[in-house]
Amino acid sequence: MDSLPITENINTPCENKMDLTSKKLPTHPFYTSIAQYAAKHQKFFQWKSDKPDHYTHAILVDKALQLLKELKGDSLASFLRGQLYFEEGWYQEALEQFEEIVDKDHQATYQLGVMHYDGLGTPTNAEKGVEYMKKILDSPCPKTGHLKFAAAYNLGRAYYEGRGVKRSEEEAERMWFFAADNGNPKASVKAQSTLGLYYSTKEPKELEKAFYWHSEACGNGNLESRGALGLMYFYGQGICQNTEAALHCLREAAERGNVYAQGILVEYYYKMKFFTKCVTFSKRIADYDEVLDVPMIVKVTDCLPEFIHRGMALASFYYARCLQLGLGISKDEATPKHYYSKACHLNPALADKLHALLICQRI
């Protein structure tokens, strides 16, 4: 197995303060989706056509909303209506629906916490978001069981960011420990991955702990941590350097849509002089649209936007370099400027480091 020609590690798992996102609503143990709820209520299938292609997504959403509205008095139907609004990005309608049932539905309480903290459908109110999350965490009701780990993760985020509560990394760490529940796959896998990022960020870094928590999260299916493990294996951070294990982790993460892992592989292909492969791979990643594509990638992969931008920046820079030098592609003196500029826009600090290596003729 070829080894990576390491010059210096400019791709630490997380260099600056983490830019975190809220934990998605955990699935209900009995009804994880509208589809499963529909299976219990045959009325949902009365309008189904023998030609499924007849229905567009918009028509299906409209039909679902009509049927949910008709099921008056059904508390779960009321929640699913709000959840459908939420998933479609109709946040004001979702907010109104959740507020109507907040005293009867703990999942509505959770979603209101997320929406107030993140400013979805309402002005940002971190204090109110924290209040809702604490209500979930402190509730003795057994119906909040599947929500507690997620609420604890979100409270940890609030303490880490100092929004809605006094900033305290110690309290954030305590909340994430509770949410991670010793690597329990039924707990908050996002908290497990976040602990891995946290120990890579704090000073002094605790890379052995970071590797442990990324391993736990990766074992539970977390895509962000799969890529982070690949990077840690590449540079021997918290574990012995192992290029074969690194490439295995990165390729698997890349295939599942981890853009940062894709960017690291672009860099690897360039340094190994696999220029044709580098060009093919980097062009596709570099052409992702920051406005249109990144939000969808975040939604599908649950990867942090800052790392998606970092992967895009790496791909943009190396694609520009290949164009500039005519490596694996016809030489082009004009187009590289666009991709160098895109790399600088996406991640100025990373682009500066890469440019410094370029000036020293190390790229």
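These figures come from a predicted structure and were not determined experimentally.

## Let's talk about the layout of surface pockets
In this structure, the second largest pocket occupies an estimated 450 Å³ of space. Along the walls of the second largest pocket sit 22 residues, with Lys 23, Ala 187, Ser 188, Val 189 and Lys 190 positioned nearest its centre. Counting only elements with at least two residues in the lining of the second largest pocket, the list comes to α7 (148-161), α9 (189-201), α11 (223-235) and α15 (293-301). Its residues assigned to classes, the lining of the second largest pocket shows eight nonpolar, eight polar and six charged.

## Concerning the pattern of salt bridges
The full count for this structure, using the stated rule, is 12 salt bridges. Here Lys 205 ties to Glu 203 by a salt bridge, and the two come within 2.9 Å at their closest N and O atoms. Taking the relative accessible area as the measure of exposure, Lys 205 reaches 37% and is therefore partly exposed. Several salt bridges share partner residues, and in doing so they unite Asp 118, Arg 157, Glu 161 and Arg 163 into one network.

## Brief notes about the packing of helix α12 (residues 243-255) against helix α13 (residues 259-271)
Between α12 and α13, the least distance of the axes is 8 Å, while the angle of their chain directions is 125 degrees. One element, α12, and the other, α13, form an angle in the oblique class. As for the relative orientation of α12 and α13, their crossing is left-handed in sense. Between α12 and α13, the residues in contact are Leu 247, Leu 250, Arg 251, Ala 253 and Ala 254 and Ala 261, Gln 262, Ile 264, Leu 265, Tyr 268 and Tyr 269, respectively. Grouping the amino acids of the contact of α12 with α13 by side-chain chemistry returns nine nonpolar, one polar and one charged.

## Brief notes about the confidence of the model for the chain
Keep in mind that low pLDDT regions are not for reading the predicted coordinates in detail. For the chain, per-residue confidence averages 89 on the pLDDT scale, and 86% of positions sit at 70 or higher. Low pLDDT, under 50, characterises residues 1-7; the predicted model gives this stretch 19 contacts beyond four residues in sequence or across chains.

Thresholds, definitions, all that
- Residues numbered from 1 in each chain as written.
- Predicted model: local features only at pLDDT ≥ 70, side-chain atom pairs only at ≥ 80, totals over all residues.
- Heavy atoms only, no water.
- 1 Å grid on protein atoms, 1.4 Å probe; cavity = no way out; pocket = protein on both sides within 12 Å on 5 of 7 lines; lining within 4 Å.
- Points joined across faces, edges and corners; volume = space filled by probe spheres on them.
- Helix = DSSP H or I, 4+ residues; strand = E, 2+ residues; numbered from the N terminus.
- Nonpolar A, V, L, I, M, F, W, Y, C, P; charged D, E, K, R; others polar.
- Salt bridge = Lys/Arg side-chain N within 4 Å of Asp/Glu carboxyl O.
- Buried < 20%, exposed > 50% of the residue type's maximum accessible area, 1.4 Å probe, protein only.
- Axes fitted to C-alpha atoms, helices over the stretch in contact; angles between N-to-C directions.
- Parallel < 35°, antiparallel > 145°, perpendicular 65-115°, else oblique.
- Left-handed = near helix turned anticlockwise from the far one by under 90°.
- Contact = heavy atoms within 4.5 Å.
- pLDDT = per-residue confidence, 0-100.

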